[in-house]
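Structure at a glance
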Amino acid sequence: MPRTVLTERLGIALPIVQAGLGPAGRPPLAASVSAAGALGMLSGLGALSPASIRREIREVRARTDRPFGVNLLLNAPPDALQPRLAACLEEGVSAVSFFWGDPAPHVEACHRAGAVVLACVGSVGEARLAAAAGVDVVAAQGWEAGGHVRGEVSTLALVPRVVDAVAPLPVLAAGGIADGRGLAAALTLGAAGAYVGTALLLAEEASVHPHYRARLLAATEADTAHTRLFDGGFGSAPHRVLRNSTLAAWEAAGRPPPGQRPGEGQVVATSPRGPIPRYRATVASLDVEGDVEAMPLWAGQGVGLATRVRPAAEILADMASCAEATLRRLGGGARPPADIPL
Ligand SMILES: Cc1cc2nc3c(=O)[nH]c(=O)nc-3n(C[C@H](O)[C@H](O)[C@H](O)COP(=O)(O)O)c2cc1C
């Protein structure tokens, strides 16, 4: 696999970073991704106490001696974010990825602790702000991505624009990258690697409820919707989910506003974190019980390419070797990787 500025900076073998995946990104997944040579990320940390976060970080470290990171959402109130970030930095994580807000207030603390800072953005303007704030890596998220979607531009159009806007900072391509052809495309667009979410939901180690997993396996690229239907700490932020009964009933009711939606307030499932009302933006992780089909089933358009449940190491090795073969076939092996600045 080509070395890129990203693999050098992070000390990883493969130019692939696991995206934040909410509570699906627990220690078994983060550790397996890192052990396989990519960069694993613990996510969903907003729902954990700083003490639990420390325990999870230590669990990853007990499973692998490779670098790994944590993902934090910037829409959290400062008094919730601050102690969680402090716990991560004190535990000495190698990288922190931020999403949904301005990373500027946190960059210096991360650097002082020796962590690489990654910011996921959805536009050139946001990428420029992140670069000015001093982040080390920018992930450009195209609108085909699963989960909350920051911008409205496709990965193919956004990534080279962000690459040009923040050069020489390394850029990761996010959204729709689910196999080696996608990774090769990302590198060819000038990205230093890929930020992969949906494809890793199919990893054996991901904390994903069996029903959600079955829906992911059966879905094609045409089965997702870009919507603002599900609530959560993101206000009415847009997101991409699989079409399900909750979405269908809301559409059939004429897309009424919050407060008037069908089954509003009805509890559809429960988790150790409490009851889950119908429109709650949460992830159907392994510890959820109830009507999982009615919950938001986050997925990007790359879901059509994710067709097997396998160990994370296998997904990543396939992605890397297929990218390498694709680049070799297209450019005699030399051109696209050599264009990536080291
Ligand atoms: C189930 C799921 C949960 C997500 N949770 C988070 C999260 O907690 N933090 C975050 O920064 N991004 C989150 N995202 C968005 C991803 O970080 C990333 O932008 C996206 O998955 C990339 O596109 P892809 O899904 O097509 O690979 C989530 C995505 C999915 C599919």
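Residues numbered from 1 in each chain as written. Predicted model: local features only at pLDDT ≥ 70, side-chain atom pairs only at ≥ 80, totals over all residues. Heavy atoms only, no water.

Naming follows an unreviewed UniProt entry, where the protein appears as Nitronate monooxygenase of Sabulicella glaciei.

A few words now on the sheet that holds strand β14 (residues 289–290). Spatially, three strands are ordered β13-β12-β14 in an open sheet, and the strand pairing comes out antiparallel. One side of each edge strand has no neighbouring strand; the edge strands of this open sheet are β13 (274–277) and β14. As judged from the four bridges shared by strand β12 (residues 267–271) and β13, these two strands associate in the antiparallel manner. Residue pairing across strands places T270 opposite P275, the latter belonging to β13. (Pairing = 2+ DSSP bridges. Helix = DSSP H or I, 4+ residues; strand = E, 2+ residues; numbered from the N terminus.)

Here we take up helix α5 (residues 104–112). Helical geometry note: an α-helix holds 3.6 residues per turn, so side chains three or four residues apart project in the same direction. Taken together, the buried positions of α5 are H106, V107 and C110. All buried residues of α5 project into a common sector of 120° when viewed along the axis, lining one side. Those residues of α5 that are exposed and aimed more than 90 degrees away from the buried face are P105, E108 and R112. Looking at the buried positions of α5, the neighbouring elements they touch are α4 (78–90), β4 (95–99) and β5 (116–121). (Buried < 20%, exposed > 50% of the residue type's maximum accessible area, 1.4 Å probe, protein only. Arc of directions from axis to C-beta. Contact = heavy atoms within 4.5 Å.)

Here α4 crosses α5 at 20°, and the two axes come no closer than 10 Å. In this view, α4 runs roughly parallel relative to α5, as classed from their interaxial angle. Here α4 and α5 pass one another in a crossing that is right-handed. Facing α4, whose interface residues are L81, Q82, L85 and L89, α5 presents H106, A109 and C110. (Axes fitted to C-alpha atoms, helices over the stretch in contact; angles between N-to-C directions. Parallel < 35°, antiparallel > 145°, perpendicular 65-115°, else oblique. Left-handed = near helix turned anticlockwise from the far one by under 90°.)

Near the ligand you find 20 residues, and of these N71, Q141, G176, G197 and T198 are the closest. Residue G197 places a main-chain N or O atom 2.8 Å away from an oxygen atom belonging to the ligand. When residues of the shell around the ligand are traced back to their parent elements, those giving at least two are β3 (68–73), β9 (193–196) and α9 (198–201). Across the shell around the ligand, the residue classes tally to ten nonpolar, ten polar and no charged. (Near = heavy atom within 4 Å. Polar contact = N/O pair within 3.5 Å; in protein donor to acceptor, adjacent residues only side chain to side chain. Nonpolar A, V, L, I, M, F, W, Y, C, P; charged D, E, K, R; others polar.)

What the rule picks out here adds up to 16 salt bridges. When the shortest N-O distance is used, the salt bridge between R215 and E293 registers 3.5 Å. A residue pair is termed long-range when its members are at least 10 positions apart, and R215 in helix α10 (residues 210–218) and E293 in the loop between β14 and α12 (312–331) qualify at 78 residues. The salt bridge partner of E264 is R261, with a shortest N-O separation of 2.6 Å. For R261, a relative accessible area of 5% translates into the label buried. When salt bridges that share partners are traced, they join R54, R58, E90 and E91 into one network. (Salt bridge = Lys/Arg side-chain N within 4 Å of Asp/Glu carboxyl O.)

With that out of the way, let us pick up the pairing of β5. Within β5, six of the six residues are buried, leaving the element largely enclosed by the surrounding structure. The side-chain alternation of β5 yields two buried faces, one formed by V116, L118 and C120 and the other by V117, A119 and V121. Relative to β5, β4 runs parallel, the two sharing five bridges. Paired with F99 across the two strands is C120, which belongs to β5. Following the backbone out of β4, through α5 and into the adjacent parallel β5, one traces a crossover that is right-handed. Each parallel crossover has a hand, and for β5 linked through helix α6 (residues 124–132) to strand β6 (residues 137–141) it is right-handed. (Right-handed = clockwise from strand over helix to strand, strands pointing away.)

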